[in-house]
Amino acid sequence: MDYKKAGVDIEAGYKSVELMKQYVKRTMREEVLGGLGGFSGAFSLAKIKEMEEPVLLSGTDGCGTKVKLAFIMDKHDTIGIDAVAMCVNDIACAGGEPLFFLDYIACGKNYPEKIATIVSGVAEGCVQSDCALIGGETAEHPGLMPEDDYDLAGFAVGVCDKKDLITGADLKDGDVLIGMASSGVHSNGFSLVRKVFEMTKESLDTYYEELGTTLGEALIAPTRIYVHALKNIKNAGVKVKACSHITGGGFYENIPRMLVEGTHAVVKKDSYPVPPIFKLLAKTGDIAEQMMYNTYNMGLGMIIAVDPADVEKAMEAIKEAGDTPYVVGHIKAGEKGVTLE
């Protein structure tokens, strides 16, 4: 008896690492010390010394049951972008710059080419957010997971000068809410998605005129990364007073998280176009409108609050980053919460 006969192939692990090195190289920043394969990732903090009062920010998340789509579609090159996005968007939402990322892949059986493809997506997400992929782990779990299944999660660390943290402390009546367009469902609410739509290759390969693509391609579209947009706003001299990453829990859970006591957010539902995938989802599943806004991003992946005088400058900065902004509402005095009208 040996480890391979017990279900763990060490040689496959070595091959996975070799195959993924080409993708990891794309993410390197000058602060990264050493190469891939050490027991830990090393990252120089020399530049942080230039900040008045540096604060480290961290985020960890996964892709939820969206990975089930990747299994069925046998498409594994974008799910890694989702894992990175869920972490770095949270860091950027607090005013931070993502520095480095580590991934964790648990699988029933290590297929080196598949693992490398997953990591290629992780690397792409890191490139999109200027974040270095400095380490990770692939864990083979025979007997615990089916051979063809895997789960993917990650952890990111970022930094921000304390004076630049986005806290909501300066929010006031009359501040304007700007939303940034999402790329679709992102990585939340897929347990409900999988109840509404039949999760077969035939179903996911079905073309929908209103989507302009197949159902599978619309659903698996990777989560939008907003790091550059928020960085551009800061570089334009605009102060983001509050910010919300619209993830699980939709508008009703996430928007209040950006508020301080005595402030209330008002979002106008007709102020931006709701992507067709959400309309199809609501219609097919007979999902009530409130439940949709309480589960999904409904077309807005990030919402910020700025002073009315800064709206135009903020909108231009977002556009320059390649994102699409909309003025979607305002802040008023009142009980902490959100109203959709």
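For the structure itself, look to the data block above.
This structure is a prediction, so every number in the text was calculated from the model and none was measured.

Is there a simple way to think about the sheet that holds strand S4 (residues 97-107) in this case?
Pairing between the strands of a sheet comes from backbone hydrogen bonds, and it takes one of two forms, parallel or antiparallel. Ordered in space as S3-S6-S4-S5, the 4 strands form an open sheet in which the pairing is mixed. A strand with exactly one partner marks an edge of an open sheet, and here the two such strands are strand S3 (54-62) and strand S5 (132-140). On average, each strand axis in the sheet is tilted by 15 degrees relative to the strand beside it, whichever way the strands run. In terms of strand pairing, S4 meets strand S6 (residues 150-161) through 10 bridges, oriented antiparallel. Considered in S6, the bridge of tyrosine 104 is made with alanine 153. On top of the sheet, helix H4 (residues 112-128) reaches S4, S5 and S6; it is set at about 165 degrees to S4, its chief contact.

How do you make sense of H4 when you look at a structure like this?
An ideal rise of 1.5 Å per residue puts 24 Å on 17 residues; H4 measures up with 24 Å between its terminal C-alpha atoms. Burial runs high along H4: 12 of the 17 residues are buried. Looking at the buried residues of H4, the elements they touch are helix H1 (10-25), helix H3 (79-93), S4, S5 and S6. Downstream of H4 by one or two residues, aspartate 130 has phi in the positive range, about 55 degrees.

What is the right way to look at the pattern of salt bridges in this model?
Close approach of charged atoms allows side chains of opposite charge to pair. In total, this model carries 22 salt bridges according to the counting rule given. Lysine 172 is the partner of aspartate 307 in a salt bridge, and the nearest nitrogen-oxygen pair spans 2.9 Å. Placement of the pair is aspartate 307 in the loop between strand S12 (300-306) and helix H12 (311-320) and lysine 172 in the loop between S6 and strand S7 (176-181), with a sequence separation of 135 residues. For aspartate 307, a relative accessible area of 22% corresponds to the partly exposed category. Overlapping salt bridges bring together Lys172, Asp175, Lys241 and Asp307 as one network.

Any chance you could explain unusual backbone geometry here in plain terms?
Excluding glycine, a negative phi dihedral is what most residues carry, and trans is how most peptide bonds are arranged. Phi is positive for aspartate 74, close to 50 degrees, though the residue is something other than glycine. With respect to the helices and strands, aspartate 74 occurs in the loop between helix H2 (67-73) and H3. Assessed through its relative accessible area of 57%, aspartate 74 is described here as exposed. In this model, aspartate 130 sits at a positive phi of 55 degrees, which is unusual for a non-glycine residue. Looking at the secondary structure, you find aspartate 130 in the loop between H4 and S5. Residue aspartate 130 is classed as partly exposed on the basis of its relative accessible area, which comes to 35%.

How should I be thinking about the packing of aromatic side chains in this particular structure?
Each aromatic ring pair is summarised here by two numbers: the centre-to-centre distance and the angle between the ring planes. Considering all chains together, one arrives at 5 aromatic pairs under this definition. Measuring from ring centre to ring centre gives 5.2 Å for phenylalanine 43 and phenylalanine 100, while their planes differ by 45 degrees; the resulting arrangement is tilted. Here phenylalanine 43 is found in strand S2 (residues 42-43), whereas its partner phenylalanine 100 is found in strand S4, with 57 residues between them in sequence. By the burial criterion, phenylalanine 43 is buried, and phenylalanine 100 matches it. Seen in terms of ring centroids, tyrosine 272 and tyrosine 326 are 6.2 Å apart; in terms of plane orientation they differ by 45 degrees. Their pairing is tilted. Placement of tyrosine 272 in the loop between strand S11 (263-267) and helix H10 (276-285) and of tyrosine 326 in strand S13 (residues 325-333) is noted, with a sequence separation of 54 residues between them.

Looking at this structure, I do not really get the sheet that holds strand S14 (residues 337-340). What am I missing?
The strand order across the open sheet built from 6 strands is S10-S12-S7-S13-S11-S14, with neighbouring strands paired in mixed fashion. Each edge of the open sheet carries a strand with a single partner, namely strand S10 (242-245) and S14. For this sheet, the mean inter-axis angle between neighbouring strands, taken without regard to orientation, is 25 degrees. As paired elements, S7 and S13 share 5 bridges and run antiparallel to each other. Note on S13: the bridge partner recorded for methionine 180 is proline 325.

Reading guide: rules and limits
- Once a new chain begins, its residue numbering starts again from 1 and follows that chain's sequence as written.
- In keeping with the predicted nature of the model, local features appear solely for residues at pLDDT of at least 70, side-chain atom pairs appear and are counted solely at 80 or more, and the whole-chain, interface and lining totals rest on all residues.
- Think of the side-chain values as coming from all heavy atoms in the structure, minus any hydrogens and water.
- Each pair of strands is called paired provided DSSP finds at least two bridges between the two strands.
- Secondary structure is summarised from DSSP: a helix means a run of H or I of at least four residues, a strand means a run of E of at least two, and numbering begins at the N terminus for each.
- Angles run from 0 to 180 degrees between N-to-C directions of axes, and those axes are lines fitted to C-alpha atoms, restricted for helices to the stretch in contact.
- When checking whether two residues touch, look at their non-hydrogen atoms; a contact exists if any pair is within 4.5 Å.
- Here, expected helix span is obtained from the residue count minus one, scaled by 1.5 Å.
- Partly exposed residues are those whose accessible area sits between 20% and 50% of the maximum for their type, while under 20% is buried and over 50% is exposed, using a 1.4 Å probe and protein chains only.
- What makes a salt bridge here is a side-chain nitrogen of Lys or Arg within 4 Å of a carboxyl oxygen of Asp or Glu, nothing more.
- Ring pairs are drawn from Phe, Tyr and Trp, using the six-membered ring of Trp, whenever the two centres fall within 6.5 Å, and their geometry is named by plane angle: stacked under 30 degrees, edge-to-face over 60, tilted for the rest.

By themselves, these are just geometric observations and shouldn't be taken as functional.
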